[in-house]
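Read off the chains here:
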There are 4 protein chains.
Amino acid sequence: MTEPTAALSPDTWTVAGRTFSSRLIVGTGKYKDYAQNAAAARASGAEIVTVAVRRVNLTDPNQPMLMDYVKQDEFTYLPNTAGCFTGEDAVRTLRLAREAGGWNLVKLEVLSDPKTLYPDMEETLRSLKLLVKDGFDVMVYCSDDPVYAKKLEEAGACAIMPLGAPIGSGLGIQNRVTLRIIIENAKVPVLVDAGVGTASDAAVGMELGCDAILMNTAIAEAKDPIRMAVAMKHAVIAGREAYLAGRMAKKLYADPSSPLAGLI
Amino acid sequence: MTEPTAALSPDTWTVAGRTFSSRLIVGTGKYKDYAQNAAAARASGAEIVTVAVRRVNLTDPNQPMLMDYVKQDEFTYLPNTAGCFTGEDAVRTLRLAREAGGWNLVKLEVLSDPKTLYPDMEETLRSLKLLVKDGFDVMVYCSDDPVYAKKLEEAGACAIMPLGAPIGSGLGIQNRVTLRIIIENAKVPVLVDAGVGTASDAAVGMELGCDAILMNTAIAEAKDPIRMAVAMKHAVIAGREAYLAGRMAKKLYADPSSPLAGLI
Amino acid sequence: MTEPTAALSPDTWTVAGRTFSSRLIVGTGKYKDYAQNAAAARASGAEIVTVAVRRVNLTDPNQPMLMDYVKQDEFTYLPNTAGCFTGEDAVRTLRLAREAGGWNLVKLEVLSDPKTLYPDMEETLRSLKLLVKDGFDVMVYCSDDPVYAKKLEEAGACAIMPLGAPIGSGLGIQNRVTLRIIIENAKVPVLVDAGVGTASDAAVGMELGCDAILMNTAIAEAKDPIRMAVAMKHAVIAGREAYLAGRMAKKLYADPSSPLAGLI
Amino acid sequence: MTEPTAALSPDTWTVAGRTFSSRLIVGTGKYKDYAQNAAAARASGAEIVTVAVRRVNLTDPNQPMLMDYVKQDEFTYLPNTAGCFTGEDAVRTLRLAREAGGWNLVKLEVLSDPKTLYPDMEETLRSLKLLVKDGFDVMVYCSDDPVYAKKLEEAGACAIMPLGAPIGSGLGIQNRVTLRIIIENAKVPVLVDAGVGTASDAAVGMELGCDAILMNTAIAEAKDPIRMAVAMKHAVIAGREAYLAGRMAKKLYADPSSPLAGLI
């Protein structure tokens, strides 16, 4: 019994009827090669990998192919729409993906501009409606606007994925207040997607009550991606267990009768 | 091969000639009973437990005894001087402990007042010199003053243990700047002792380059101490691995040519 | 020459063709009475006060009337749509206000729910388009989503007013990253509206490059509102001047050759 | 009546029997020349300037002399011991200064090393005792260790001056917890000395309840030192007035019945 976590509870989460044990989803971009990508995904303990359908080679047998390394019997593929800027683009891309690989659980991201890679929520919501009508199970990358998060859920999103900070920034979770409000209001899973830079960032997200974390750059651009994948595996478990354990109260100091708390 | 960490490296740390794999030291105060304490210590993966010689029953066989639960064949005991306010007190207490249990590796803490439990560095340094002369291996609880940290090392401390925040506060690491300077300057292990409230706090300490973390209240006063012990086990590994992996650079956003970084 | 600021430059800002010296806009809610409100507005140095057309008595001569205290020859009235939840409501309310008081420069806010008072950006943008078509000059309360900020500007907003934190929370500016991106991209004035709790919060907003700050609760719910109004007057000037002055670089310590900066 | 602050109260502070209106003390190092230094000091509204006796030319009439620009009929000189590393050095330096200029109110700083410029508290306390015995009124630069702050006061310091961050770093106040504890315990004035980088940092210090702020680099190394001096003048007033006004309570959002506060 070397793994107390497992012994404590079968702590799983479920999205669109599929149940997972790992609360870490990793990406398939920015790695040196597919072999390194596969090693990192394996070290992270992830059960889901997200794949940019337009950017990753899924079809040309003359080039190295992602699925020869990151294998579908090991990982659930979550195709995403990186590179799509309209709902029509997104629907077309994911339909092709569904035909090619049978993937029905997808991640929608509709970005506004190549500089900030910030999501365009108006177009994202419109795209979501098209995809839902088309029968997809859609996890949605979004801003941390609690009102839009609710709109996405009401439009049929099977998971809400607010950014913690801009994609690729590594700045960590900037706004804990909005993230908490989103989690409080949601009836579907909430995942932090984008912004994690190091292990403690992932732990913070889980401590706030997220169901899972999605990251790519924090692992792929670490000096040692495999080692950082291990770090993230533990960080997500740590944050989850701390959330479930219920943290101690904060006090200004050991003596709880302090009059100062309000000033700090 | 379910534990990638172990595969990557035999990542150990050494204090006073003794080598440990776990980088988490836990306390033996504030638990419901010794049985819960033992279960939490075990769940945390700790190899060392710190024991307040004056407060924990080590000698009265008519009362429940700590070592019947937290056993010395499972854990290295690190006696501490909680409740001592002078060097003479500290030396007397630790001599008795050494005679009773043979413990030579000890933790010195000389506190100033019962309200803040802040260390008195002047008296701590004086006490350290007495203990070193008496042949003890002394790990020293201290403020996060880099100059005093260096003085302690020069006086023979075998580990420097700055607080992250007041004892029992759970406020997390308040001053990353001084902690980094202490770590940069030290040739002996540096541990964060006091102030950790939840898992991400422990990860932050390790990411800054600490060798280990010592905590008591964060586990003992969590709603579910056993579960929080598991969280802390993973948090310390996560922070350590992230430190070794080397985190990605922070950017304002994906486009690195931004002129804004300096303003945030 | 007791006021060096004035001597340094005629530092003004312009919205919809009107130029102001004060960069602080204050509210007219939550005060003990209109007399206290007027005294606070005066102490703050504000030139503009925002008025919830539906909540403040502007028309019933048998009750105390706001404009008998907060006089229009002293302050520019900025009517707002607090209490409106659709574009049609907003247009109707502001049309009545325009007929009654001749106010053409208005503040649009379309909130989502009474608990968080978070803006509904989809409905806000729709409302804005109706108001612009109707000839209003519209300053728009919004989330801190940079993409929506740009949409508002393109739809004709004469000022963008992102929240720093939820209305009435006093939590201070939560997300400096998105605020900086909004400021960088905007060609119209950007004001922090909502979230300021104390003086340093207002200074932070101005240091990031905002053109002005709007606040109500931070003054009205301070123990001494008049004194807090004075504090805010100085805070806004302080932040503005610091922004214009160009702050010193941050260093880990005096010696600039430190290798540590990236870790803190 | 352009200055409401003055009207509200004669808000002064007193150190060693001398009463001042301005709560900002500025330095006399790192400026382009003495003329710029004088202009900045004047713009800041400071009544006290601190002078490094060993570094500033106070005696050689063939070189530009500080007091020809920063005049003693405008400013109270506060000689400091920058460059002294022992109590004997400090006493010798300040005795010479007292003989030369009649200055009895002095600032003691005993630094540990040229890299971090962190104070050596052991030597500082020893030096203080020598200076007090010698009849000086001594304001003491110190770490933010609350126990040492109390020792300094008990040894006769007439003001306690903890650092907010390392000298010259501009990092802002790192540890609000220890600063609050120091202020709560002190019966003499507490000033933040070192670490301020921009206006909001100074406001934060005053909001915590400090009596005044001392700074040098933040003004001298701003792109426009005169303008930053104006900013700091307003920031210190803003923070002071906010402290006296008593800030609003922080809430997660407008609805105070939220169950979330403890998680953020």
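Numbering of residues begins from 1 in every chain and follows the order in which that chain's sequence is written. Whichever chain is written first is A, and whichever ligand is written first is 1; the rest continue in order. At least 70 in pLDDT is required for a residue's local features to be given in this predicted model, at least 80 for side-chain atom pairs to be given and counted, and no such filter applies to totals for whole chains, interfaces and linings, which use all residues. Values reported for side chains reflect all heavy atoms of the structure, with hydrogen atoms and water molecules removed beforehand.

### Considerations on the interface of chain B and chain A
We call two residues in contact when some of their heavy atoms are within 4.5 Å. Contacts between chain B and chain A engage 54 residues on the former and 54 residues on the latter. What gets called buried area is simply the loss in accessible area from a 1.4 Å probe that two parts show on being joined, summed for both. Summing both sides of the interface, chain B and chain A together bury roughly 4500 Å²; the carbon and sulfur share of this comes to 60%. It is B:Arg227, B:His234 and B:Met248 in chain B that bury the most area against chain A; as a group they hold 17% of the surface buried on that side. The term salt bridge refers to a pairing of a side-chain nitrogen on Lys or Arg with a carboxyl oxygen on Asp or Glu at a separation within 4 Å. In this structure, the connection of chain B to chain A is made through 4 salt bridges. Salt-bridge contacts for B:Glu241 lead to A:Arg227; the nearest nitrogen and oxygen are separated by 2.6 Å.

### Considering the pattern of salt bridges
Enumeration over the complete set of coordinates arrives at 68 salt bridges over all chains. B:Asp193 is paired through a salt bridge with B:Lys107; the nearest N and O atoms lie 2.7 Å apart. In this pair, B:Asp193 sits in strand β9 (residues 191-193) while B:Lys107 sits in strand β6 (residues 105-108), placing the two residues 86 residues apart along the sequence. For B:Asp193, a relative accessible area of 5% translates into the label buried. In this structure, D:Glu88 engages D:Arg126 in a salt bridge whose closest nitrogen and oxygen atoms are separated by 3.0 Å. Here D:Arg126 lies in helix α5 (residues 121-133) and D:Glu88 lies in helix α4 (residues 87-101), a separation of 38 residues in the sequence. Within the structure, one salt-bridge network assembled from shared partners comprises A:Asp11, A:Arg23 and A:Arg240. Strands are runs of DSSP state E lasting at least two residues, helices are runs of H or I lasting at least four, and both sets are numbered from the N terminus onward. Accessible area is worked out with a 1.4 Å probe on protein chains only. A residue is then buried under 20% of its type maximum, exposed over 50%, and partly exposed in between.

### Here's the deal with helix α2 (residues 34-44) of chain C
All names here are of chain C. Most of α2 is tucked away, with 8 of its 11 residues classed as buried. Listed as buried for α2 are Tyr34, Gln36, Asn37, Ala38, Ala40, Ala41, Ala43 and Ser44. With a side-chain oxygen positioned 3.2 Å from the backbone nitrogen of alanine 35, the residue opening α2 is aspartate 33. Following α2 by one or two positions, glycine 45 has its phi on the positive side, about 75 degrees. For the purposes of these results, a polar contact is taken to be a pair of N or O atoms within 3.5 Å, where, inside protein, one atom must be able to donate a hydrogen and its partner to accept one; residues adjacent in sequence count only when each atom of the pair is a side-chain atom.

### Let's talk about the packing of aromatic side chains
Residues and elements named next belong to chain B. Pairing of aromatic side chains here covers Phe, Tyr and the six-membered ring of Trp, requires ring centres within 6.5 Å, and sorts the geometry by plane angle: under 30 degrees stacked, over 60 edge-to-face, intermediate tilted. Applying the stated criterion to the full structure yields 14 aromatic pairs over all chains. Relative to tryptophan 103, the ring of tyrosine 77 has its centre 5.6 Å away and its plane inclined at 15 degrees; by these criteria the two rings are stacked. Here the residue tyrosine 77 occupies a position in strand β5 (residues 76-80), and tryptophan 103 occupies one in the loop between α4 (87-101) and β6, the gap between them amounting to 26 residues. The exposure classification of tyrosine 77 matches that of tryptophan 103, with both residues buried.

### Remarks on unusual backbone geometry
Residues and elements named next belong to chain A. Of note, alanine 194 is a non-glycine position whose phi angle comes to about 90 degrees, a positive value. Relative to the elements of secondary structure, alanine 194 occurs in the loop between β9 (191-193) and α8 (199-207). Under the relative-accessibility criterion, alanine 194 is labelled buried at 10%.

### What about the side chain of D:Asn37?
All names here are of chain D. Tracing the backbone shows asparagine 37 in helix α2 (residues 34-44). For asparagine 37, a relative accessible area of 2% corresponds to the buried category. Among residues more than four places away in sequence, those in contact with asparagine 37 are Gly27, Thr28, Gly29, Tyr31, Leu66 and Val70.

### Details of the packing of helix α8 (residues 199-207) of chain D against helix α10 (residues 225-245) of chain D
Residue and element names in this part refer to chain D. A fitted line through C-alpha atoms serves as each axis, taken over the contacting stretch for helices, and the angle formed by two N-to-C directions is quoted from 0 to 180°. One can describe the packing of α8 onto α10 by two numbers: an axis separation of 7 Å at closest approach and a directional angle of 30 degrees. One finds that α8 runs roughly parallel with respect to α10. Crossing of α8 over α10 shows right-handed handedness. For the pair formed by α8 and α10, the contact residues are Ala199, Ala202, Ala203, Met206 and Glu207 on the first element and Ala231, Met232, Ala235, Val236, Gly239, Arg240, Ala242 and Tyr243 on the second. Lys, Arg, Asp and Glu make up the charged group, whereas Ala, Val, Leu, Ile, Met, Phe, Trp, Tyr, Cys and Pro make up the nonpolar group; the residues left over, Gly among them, are polar. Residues of the contact of α8 with α10, tallied by class, amount to 10 nonpolar, 1 polar and 2 charged. Each angle receives one of four descriptions, namely roughly parallel if under 35 degrees, roughly antiparallel if over 145, roughly perpendicular if within 65 to 115, and oblique otherwise. Note on convention: near helix rotated counterclockwise from far helix by under a right angle means a left-handed crossing. Clockwise means right-handed.

### Here's the deal with the relation of the copies chain B and chain A
Superposition of the copies was done by least squares, using only C-alpha atoms of residues whose pLDDT is at least 70 in both. Under the fitted operation, chain B is carried onto chain A by 0.0 Å of movement along the axis and a turn of 180 degrees, and the coordinates agree to an RMSD of 0.0 Å. Here the symmetry operator amounts to a two-fold rotation axis.

### Topic: the environment of B:Ala235
Looking at the secondary structure, you find B:Ala235 in helix α10 (residues 225-245). If we ignore the near neighbours within four places in the chain, the residues touching B:Ala235 are A:Ala238, B:Ala199, B:Ala202 and B:Ala203.

### With respect to the UniProt feature "active site" (unreviewed entry) in chain A
Per the UniProt record, "active site" (unreviewed entry) is annotated on A:Lys107. When neighbours within four sequence positions are excluded, A:Lys107 is seen to be in contact with A:Thr50, A:Leu78, A:Pro79, A:Asn80, A:Thr81, A:Met139, A:Tyr141, A:Met161, A:Asp193 and A:Leu214. UniProt positions are given in the numbering used here, feature names are shortened, and annotations may be inferred rather than shown by experiment.

### A closer look at the state of the cysteines
The definition used for a disulfide is geometric: two cysteine sulfur atoms within 2.5 Å. Tallied over the full model, the rule gives 0 disulfides over all chains. In this structure B:Cys210 is not part of a disulfide, and its nearest cysteine sulfur, from B:Cys142, lies 11 Å away.

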